[in-house]
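Fold and contact review
Next come the chains, spelled out residue by residue.
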Amino acid sequence: MEVFNKAYTLKNCSFILDSEKILENVNIVIENGKIKNVGNETEGDEIDCSEYVVTPGFVNSHTHSAMIFLRGYYDDNELQEWLDKMWEKERTASRKLLKVSSELAVLEMLSSGTTAFVDMYFNPEDIVELSQQYGIRAAAGYTFLDEIFDPEEVAKMQGRLQETKLFKPIVNVHSVYATSEKTLLLAKDLAEEENTWINIHLSETRKEIYETKLRKGKFPVEYLQSLGIAKFQAVHLGWVASWEIEMLKNSIAVTHCPTSNMKLATAGAFPFYEMLNSGINVTIGTDGPASNNSLDIIREMKNAVLLQRHSYWDTRIKALHVFRAATENGYKLLRIKGGLIKEGYVADLVLFNKNDLYPLKKDRILSNIIYFSTKENISKIIINGKIIDKETLRKRIYEVSKKLNEMI
Ligand SMILES: [Zn+2]
């Protein structure tokens, strides 16, 4: 059933849960893309929701969607060697190949309940189109990466991006080691002009820390701070110093990408608990499909908890923390009133089949979603009130993946 602008009701949802509450047998009234009521009221068409457990949509706060064409290529190597191989291929990739790859990424992300994503790559204009075509929220921008692109050109192209209902332009900077100081300052001015934030890989490896200290006399977070760059989203931070955590208090968000960190052997430890304690907005990302290689945010939430347990030998980071990071905190990063199932919030929701989440008990629902469920347990995704059926996505993945296979 295609219902969108007019009011409709998800009737008698078996459970709804967000990072604030778990409710049983309630209705959700949706109108004009927003949640109008959560409770007993009904309005407009009624959709039987008694077979579903409803959560907010998930935000994949860091990926490189177009890298699907590099999935499985030069796997099992450490970051710098791996990156050199990626850049070699990326230099000659056609625009068409990037678009087909990003389309598959969008379809995969939707299938695993991702309703919004932050993309760092070279084809943000494709992301604008794809967000429109599939109704997914996205934040993206051209990427400053001195090795491949002239920074002045990047800044010029960035100026062409316009905000839409679903798309937000952001300023992407690959890293402090792949850009000059001049480029970083250009990116800073651009982000200020466009009233947006800088998205940057930061403190990912020991090599980055060592070389930044050697070249600049500072650690990476200190270095950005010294350039007056404060409004940024820092991704990775496995090698951040304790005093740098204090400096991150003014950041927009930090993003943890546990699977990529493990796969690329970057080691270190993301100080999740200390970040939360400092009031920092912690979010979760899959990183790209060549370094993960999955874009499944459910799997990422589980890995985030497991990596914390393995790194710190304690259980301070719990399922609720990663659930909040992927929902409420992700929407906060995007500056959208979402990530909670609450009146006035955007109607971005995920419907899990309740019969897959056994034992189906109120006190185990969250655990079952984070530690047990897979994307196969998702039946429908709702973004801005628009319902997307999982089966439609699956069929489209088969069609588009055929195209990709013919191009590789
Ligand atoms: Zn990345």
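Conventions used here
- Residues numbered from 1 in each chain as written.
- Predicted model: local features only at pLDDT ≥ 70, side-chain atom pairs only at ≥ 80, totals over all residues.
- Helix = DSSP H or I, 4+ residues; strand = E, 2+ residues; numbered from the N terminus.
- Expected span 1.5 Å × (residues − 1).
- Buried ≥ 20, exposed ≤ 12 C-beta atoms within 10 Å, placed from the backbone.
- Pairing = 2+ DSSP bridges.
- Right-handed = clockwise from strand over helix to strand, strands pointing away.
- Core = buried A, V, L, I, M, F, W, Y, C linked by C-beta atoms within 7 Å.
- Domains from an automatic or database assignment.
- Contact = placed C-beta atoms within 7 Å.
- Arc of directions from axis to C-beta.

1. Some words on helix H15 (residues 390-407)
- Spanning 18 residues, H15 covers 26 Å between terminal C-alpha atoms, matching the ideal 26 Å at 1.5 Å per step.
- In terms of burial, H15 is a largely surface element, one of the 18 residues being buried.

2. A word on the pairing of strand S8 (residues 137-141)
- Among the five residues of S8, five are classified as buried, and the element is accordingly described as predominantly covered.
- The alternating pattern of S8 places Arg137, Ala139 and Gly141 and Ala138 and Ala140 on opposite faces, both of which are buried.
- One ladder, built from five bridges, connects strand S7 (residues 114-120) with S8; its direction is parallel. If you follow methionine 120 over to S8, its bridge partner there is glycine 141.
- The handedness of the S7 to S8 crossover, carried by helix H3 (residues 124-134), is right-handed.
- Relative to strand S10 (residues 167-169), S8 runs parallel, the two sharing three bridges.

3. Describing the nonpolar core
- By size, the foremost hydrophobic cluster in this structure holds 118 residues, and its most contacted members are Cys13, Ile28, Val54, Ile198, Met301, Val322 and Ala326.
- A domain split of this core shows at least three residues from each of domain 1 (8-56 + 337-389) and domain 2 (58-333).
- When near neighbours in sequence (up to four residues on either side) are disregarded, isoleucine 28 contacts Thr9, Leu10, Cys13, Ile16, Ile35, Val38, Val54 and Ile341.

4. What about the sheet that holds strand S9 (residues 143-144)?
- Judged by pairing direction, the sheet is parallel, and its six strands sit side by side in the order S9-S11-S12-S13-S14-S15 without closing on themselves. Taken across any chain shown, the strands that pair with only one partner, and hence form the sheet edges, are S9 and strand S15 (282-284).
- One ladder, built from three bridges, connects strand S13 (residues 232-236) with strand S14 (residues 253-256); its direction is parallel. Bridging across to S14, valine 235 finds its partner in threonine 255.

5. Details of helix H1 (residues 79-90)
- With 12 residues, H1 extends 16 Å from end C-alpha to end C-alpha; this agrees with the ideal 16 Å at 1.5 Å per step.
- What H1 keeps buried is the set Trp82, Leu83 and Glu90. Buried residues of H1 fall within an arc of 100 degrees about the axis and therefore sit on the same side. Summarising the geometry of H1, the exposed residues directed more than 90 degrees from the buried face are Glu81, Asp84 and Glu88.

6. With respect to the environment of tryptophan 239
- Along the chain, the position of tryptophan 239 falls in the loop between S13 and helix H8 (242-247).
- For tryptophan 239, a count of 22 C-beta atoms within 10 Å gives the class buried.
- Sequence separation between tryptophan 239 and isoleucine 209 is 30 residues, and the spatial gap between their C-alpha atoms is 7.4 Å.
- Residues contacting tryptophan 239, with those up to four places away along its chain left out, are Ser203, Thr205, Arg206, Ile209 and Gly268.

7. Thoughts on the domain arrangement of the chain
- What the domain assignment lists for the chain is domain 1 (8-56 + 337-389) and domain 2 (58-333).
- Placing a centre on the C-alpha atoms of domain 1 and another on those of domain 2 gives a separation of 28 Å.
- Residue-level contacts link 21 residues of domain 1 with 23 residues of domain 2.
- Residue assignment for the side of domain 1 that touches domain 2 shows that the elements contributing at least two residues are helix H14 (365-372), strand S17 (378-383) and strand S18 (386-389).
- Broken down by element, the side of domain 1 that touches domain 2 gets its largest block of residues, four residues, from H14.

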